[in-house]
Every structure is written in C-alpha cells, then in structure tokens.
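# Topology and contacts: notes
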Amino acid sequence: MPMLRLVATLVLAVPISAQAHPDAAIRAAAATITADAVTRDAAHLASDALRGRLTPSPGLDSAREFVATRLASLGVKPFGDDGTYFQWYTVRTAALDSNTSRASVGAREFTYGEDFVVTSLVTLGAIEGEVAYLGSGIRAPKIGLDPYATIDVRGKWILVHGLNALPAGQTRETLGTPGVDWTTAMDEARSRGALGLIALPTPAVLNGWSRTRDRAVTGRDLDPAVGRAYSAYPLPRLSVALSMLDAMLAGHGTTASVILRADSTRIFPAPFVAGRLRVDLNGTVGSFRAANVVGMIEGSDPARANERIAIVSHLDGAVGRGVTPEGDSIYNAADDNASGSAGTLAIARAMMTGPRPKRPIMFVWDSGEEVGLWGTRHLAYGPLGEQLVAMVNVDMIGGTKVPGTNNPGEDELAGPGEVFISGPGPLSTVLAGHVQTALDHYGYATARREFDVPESQFFYPRTDSAPFLENGIPVVQFFTGLQPRYHRQTDEVSYLDPAKMEAVSRQVYVTLWHIANGDVRPRWDKPTPDKLWFVTPRR
Ligand SMILES: [Zn+2]
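Quick look at the overall build of the protein now. Along the backbone of the protein there are 16 helices and 18 strands. The C-alpha radius of gyration of the protein comes to 26 Å, within 12% of the 24 Å expected for a compact globule of 539 residues. Looking at the protein as a whole, 47% of its 539 residues are labelled buried. For the protein, the share of sequence-separated contacts (at least 6 apart) that also reach a separation of at least 24 residues comes to 84%.

Here you go:
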C-alpha cells in the first residue's frame, strides 16, 4: 500500500469571540477545516490496520473508539446509550441446515434439495398454513387486477409465478408507478401478514435449482427489522419442485400442468386456496451487537431545543473477499466513507470552535450502512429520530474527475471543486434556501444538482438518508459521486483529493450552520414524491 505523506498542521481551537461579526466568525471556524486535518483522519480510518471497518469487526470497534475519543477532546456531549457516545443495536442471524430442514403437505414428506429449496430467510422455525395460488401476485386496482380481493392471505403461503411475472398484455410501463399504481406479491405478502412466498417450478426456477440447492442459506437483519429501504425481506421464500406442487394441488380442481402453462401464456387461472404446507426450517440462530457513535452540540436558543438537526456519516466500509493481482486483500473504504467520517469530525471541531447556532446538532457516525442501513434504521425509527427536523448526510466526499479524462466508471464523478447535492430541491423550501445561501455566500464548493430529483437512486433508497426520509424528515446529501475504486481494494487514501475534502467539508459546515440557525425551522413542505408514497412528511 502506498504511504501518504502528510504535513502536520497545528489547528488551534481558540473560541471565536461572540462579539465578532458572525460572518467573519463562521469563516474563521470554517478555516479550521483543513485538507491536512481531514486527510490525516481519513488516512487513519482507512489504514490497513483497521481492515476496512466491516460491521461487526475489531477494525470498526477501533474506528468507533477513535471518533469517541476525539469527540471527548472537543467537548462534544455524549448522546448515545446511558451517557456514552455509543448507541447499540442488535442484529439477528440465522443459518439454515439443509440436512435437517424438511417440508410436508398432509401426510406426504418432502426432502430439502430434492423437493424444495429455500432462496431466502431471516428466521428459523416451523411455518404451517394453507397455500394460496395468486397468479402473478401483483395487485393493480386501476386495471382491475386484485387477487387479494377474494382471498385473505393472512397466515397463508403465497404461491406465485416468480417475482417478475406480469399478466398478459402488461408491461412495467403500462402498469404505472410501482408502489402507487401497482404492488408486487412481496409487498402484499408483507403488509397482509402472509407466511412466505413460494415460487412455482418454472423453467427459470428449475434452471437455477442446483445452484440454489448448494448455496449456504443465511439471513441477518436488524432486530427489530424496522424500515423499508435495504431491510431484509422478512418472510421466507421457497422454490418447489413438481413433486411438491402436485401434492399441494391434489384435490383442488386443477393440475400442475395447467398452472405451469400459464407461466408462458401469462393468462393466469383465478386465485384459489390449495393444500396445507408445513415447512421446518432448522439450523442455527444467533445475534450480535453493533453501535453508532452519537454526540450532541446544544444550540444557543432553548426555545428551539426540540428542533434538532442531524449530521450523519457512515463509519463502516464494504468489505469483500477478493485479492488483487498485487496481493491486496484489504478493502480500505477510504472514499466510502473514511472521507465523509473525517469531514464530519472536522465539522464538529469547527462547530465547537465557531459561533453557536440556535438549534442543537446531533453528530452521528453510524455503522452497518453497507450491509443494510442497520445503524440509521435503528436511529431514525427510535427515540433519537423523534425530535429531528432535518438530516445532513455526508457520504463519499473525496472523489474528483480530472477534466478532459473519460475513465471507465467515472461517469458519475464530480469535477474539481464540485459536489453533488441531493434532497432539498424536491422536499423543502427552507432547506433548499439555506443550501443556496451557503453556496452563494461562501462558495467553498460548486454544486451539481442532477441527482436532486426523486427519480435518482441516490435520492432514495440508496443511502443513509433513506430511514430519515421514511420518517418524514427532509434531508440534504453531499457526495462527490462514484469512482472506479468504489467498493474495491483500491479505495485507498492515496486516491483521495485533499482539496476536495476540505472544500466540501467547509461547504457542509456553513450549510449546516445556516440550517441550524435559520429563523424558520426546516419543514418538508413540498408534495411527497411518488416513490415515498408511504411517508407522512414532518411539515
Ligand atoms: Zn457510503
């Protein structure tokens, strides 16, 4: 690994006089955020010693202690559990044992691997109920498609033609907006309390059979599994062979060949309830704990103590198993997201140094982002999410596309001095206003806005802002975009752009300051975007 040469700079944490013109004081505090300081912290977090900071791992524990020690030295108040900086959550794990897992329909016994396979699970145990055949399982009331109108699927298995089977004559375009005009079997199964999903032995299912059979089936998710974005599917999914389909249909007025013919015609038989299926999912269950780091900087106006702003950076990295030809097996996660974690540390220092805005600011370095947004789901759906009026996400701020180059994988990378901003435009007049004021007045960075639209995957559900959006909290995200080293062993600190990290961190600081100090509190006043149809905005 290349070593990074650093010039040590002494940053003096001198409190800036309250008498000073606030603008000058804010600029002076912003100036404490330096390329050297941010790069030094990013280099530590992304060092080989911390091994990429997988959740959970000793490297992530070490990163967590590093952040907490810094917060203590800055005088940031602990705001995690029991007066500490750490907010703990539990992750539940399950590993299926294919040798002891079995199924039965009436008196007939079926064998794992031959008659059925499990494609996903979260928990183990015995699951028993009737099987409801629902065709595609899609519900689209506008075209008169609602298999759930005649059959209550609560406590039943749902038997469907695979997750992408659309009725004859329909495409994703004709069906309209997913989640609004139509919903999937998975959505309906979950919201209606079904036991699980069963895929028919279609050619696609049978083609993948041996691969599915030989795969280790494990599940893990935040416990309780709050949230939608990146939460594991909470119901088991099975694929069944013809033997088991025959048994389920026996005595119910149809045959496996009639049902399977519909897989190609897409003209599905009417829904009906078939036999009773019991599945015994055996194996090993377990759990572990992981933590977010949370600190609080109180505001200057006690009347606004309940109008908290959160600034969030995920501290964990996406650790893979590959080894490069050069022998590098460590996924250092420097840009994603040692850069943002270090930037947010520098912003905490600036906030403690500079003038205090009216509203309190909660600083969060979450974990579990890369494996399922565990930390932010736990936080946003818990008590700490309750008094938030806005969330600022800082995730990947060290990337720069060199002008005139066209490297593969750099199509969505910001240029020199540029940062993508996503969130405020479609959500909040107040937030969008502060973002613009901070850009116009300070201009440490230049904004790129192409992802500030609900259609963007970065708007929702792909980042840590997702659980906050689900709770009706408007967000502002800063990121410099994807680079070719994203989620690879080569995401190393030597590739980070120190000037970019300084510029973006300063821009985030002044934006955060204005959001926290504004006369009007942030509100989600714009119409709810279609893809967030299930959200009640905090207006
Ligand atoms: Zn990230």
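Past the structure itself, the notes keep going.
Here we come to the domain arrangement of the protein. One frequently used descriptor of interface size is the decrease in accessible area upon assembly of the parts. As assigned here, the protein comprises domain 1 (32–90 + 289–499 + 509–532) and domain 2 (98–281). On a C-alpha basis, the centres of domain 1 and domain 2 stand 38 Å from each other. If you look at the interface, domain 1 gives 15 residues, while domain 2 gives 13 residues. Of all elements in the fold, only β2 (86–96), α12 (374–380) and α15 (466–470) reach the threshold of two or more residues within the side of domain 1 that touches domain 2. Residues belonging to the side of domain 1 that touches domain 2 are distributed by class as follows: 8 nonpolar, 3 polar and 4 charged.

Before going further, it helps to spend a moment on the packing of helix α3 (residues 58–74) against helix α10 (residues 334–353). Two numbers describe how α3 lies on α10: the axes approach to 10 Å, and their chain directions differ by 10°. Between α3 and α10, the angle falls in the class roughly parallel. Across the interface between the two elements, Val67, Arg70, Leu71 and Leu74 of α3 pack against Leu345, Ala348, Arg349 and Met352 of α10. Here the contact of α3 with α10 is built from residues that sort into 6 nonpolar, no polar and 2 charged.

Another point: the sheet that holds strand β6 (residues 125–133). The strand order across the open sheet built from 8 strands is β4-β3-β11-β6-β7-β8-β10-β5, with neighbouring strands paired in mixed fashion. The open sheet has two free edges, formed respectively by β4 (108–111) and β5 (116–120), since each of these has just one partner strand. The sheet shows a mean angle of 30° between the axes of neighbouring strands, taken without regard to direction. Here 3 bridges tie strand β8 (residues 196–199) to strand β10 (residues 237–240), and the two strands are oriented parallel to one another. By the bridge assignment for β10, Ala199 is matched with Ser239. Along the sheet, helix α8 (residues 242–249) makes contact with β3 (102–105), β4, β5, β6, β10 and β11 (272–281), crossing β11 at roughly 130°.

Okay, the pairing of strand β13 (residues 308–314) next. Of all 7 residues making up β13, 7 are buried, and the element is well covered by its neighbours. Neither face of β13 is exposed, since Arg308, Ala310, Val312 and His314 on one face and Ile309, Ile311 and Ser313 on the opposite face are all buried. Sheet topology places β13 next to strand β15 (residues 388–394); 5 bridges connect them, and they run parallel. Across the sheet, the residue bridging to Val312 is Asn393, located in β15. Bridge count between β13 and strand β14 (residues 361–366): 6 bridges; the pairing is parallel. Bridging from a neighbouring strand, Ala310 pairs with Met362 of β14. As a crossover connection, the stretch from β13 through α10 into β14 is right-handed.

Per-residue pLDDT for the protein averages 92, and the proportion of residues at 70 or more is 95%. Segment residues 1–20 is flagged for pLDDT under 50; beyond a separation of four residues in sequence, or across chains, it makes 28 contacts in the model.

Those residues of helix α1 (residues 22–31) that fall on the buried side of the exposure criterion are Ile26, Ala29 and Ala30. All buried residues of α1 project into a common sector of 100° when viewed along the axis, lining one side.

Attention now moves to unusual backbone geometry. In this structure, Pro56 follows Thr55 across a cis peptide bond, with omega equal to -10°. Structurally, Pro56 is set in the loop between α2 (35–45) and α3. Here the amide bond leading from Asp336 into Asn337 is cis, since omega sits at 5°, within 30 degrees of zero. You will see that Arg51, though not glycine, has its phi angle at about 50°, which is positive. On the secondary structure map, Arg51 appears in the loop between α2 and α3. Among the residues examined, Arg51 registers 19 C-beta atoms within 10 Å and is labelled partly exposed. Residues other than glycine seldom take positive phi values, yet Leu373 does so here, at roughly 50°.

Here the focus is the pairing of strand β16 (residues 418–422). Of all 5 residues that make up β16, 5 are buried, and the element is covered over most of its length. Neither face of β16 is exposed, since Glu418, Phe420 and Ser422 on one face and Val419 and Ile421 on the opposite face are all buried. As paired elements, β16 and strand β17 (residues 446–448) share 3 bridges and run parallel to each other. Within the sheet, the bridge partner assigned to Phe420 lies in β17 and is Arg448.

Once that is clear, we can look at helix α16 (residues 498–517). With 20 residues, α16 extends 28 Å from end C-alpha to end C-alpha; this agrees with the ideal 28 Å at 1.5 Å per step. With respect to burial, α16 is a largely interior element, 19 of its 20 residues being buried.

Our focus in this paragraph is the nonpolar core. Counting 107 residues, the largest nonpolar core has Ala42, Ile309, Ile311, Ile347, Val392 and Leu512 as the members making the most contacts within it. If one sorts the elements of this core by residue count, α16 sits on top with 10 residues. When residues no more than four places from it in sequence are discounted, the contact partners of Val392 are Ile309, Ala310, Ile311, Val312, Val476, Val508 and Leu512. Judged by nonpolar contacts, the second largest core, of 46 residues, contains Ile138, Leu159, Val160 and Leu238.

With that settled, the discussion passes to the environment of Phe86. Assignment of secondary structure puts Phe86 in strand β2. By C-beta crowding, Phe86 is classed as buried, having 20 other C-beta atoms within 10 Å. As for Phe86 and Val364, which are separated by 278 residues in sequence, their C-alpha atoms are 9.8 Å apart.

With that settled, the discussion passes to the environment of Asp48. Relative to the assigned elements, Asp48 resides in the loop between α2 and α3. Residue classification places Asp48 among the partly exposed positions, given that 13 C-beta atoms sit within 10 Å. Measuring from C-alpha to C-alpha, the distance between Asp48 and Gly59 comes to 9.2 Å, with 11 residues separating the pair along the chain.

Thresholds applied
Residues numbered from 1 in each chain as written. Predicted model: local features only at pLDDT ≥ 70, side-chain atom pairs only at ≥ 80, totals over all residues. Helix = DSSP H or I, 4+ residues; strand = E, 2+ residues; numbered from the N terminus. Rg over C-alpha atoms; globule rule 2.2 N^0.38 Å. Buried ≥ 20, exposed ≤ 12 C-beta atoms within 10 Å, placed from the backbone. Contact = placed C-beta atoms within 7 Å. Domains from an automatic or database assignment. Nonpolar A, V, L, I, M, F, W, Y, C, P; charged D, E, K, R; others polar. Axes fitted to C-alpha atoms, helices over the stretch in contact; angles between N-to-C directions. Parallel < 35°, antiparallel > 145°, perpendicular 65-115°, else oblique. Pairing = 2+ DSSP bridges. Right-handed = clockwise from strand over helix to strand, strands pointing away. pLDDT = per-residue confidence, 0-100. Arc of directions from axis to C-beta. Expected span 1.5 Å × (residues − 1). Core = buried A, V, L, I, M, F, W, Y, C linked by C-beta atoms within 7 Å.

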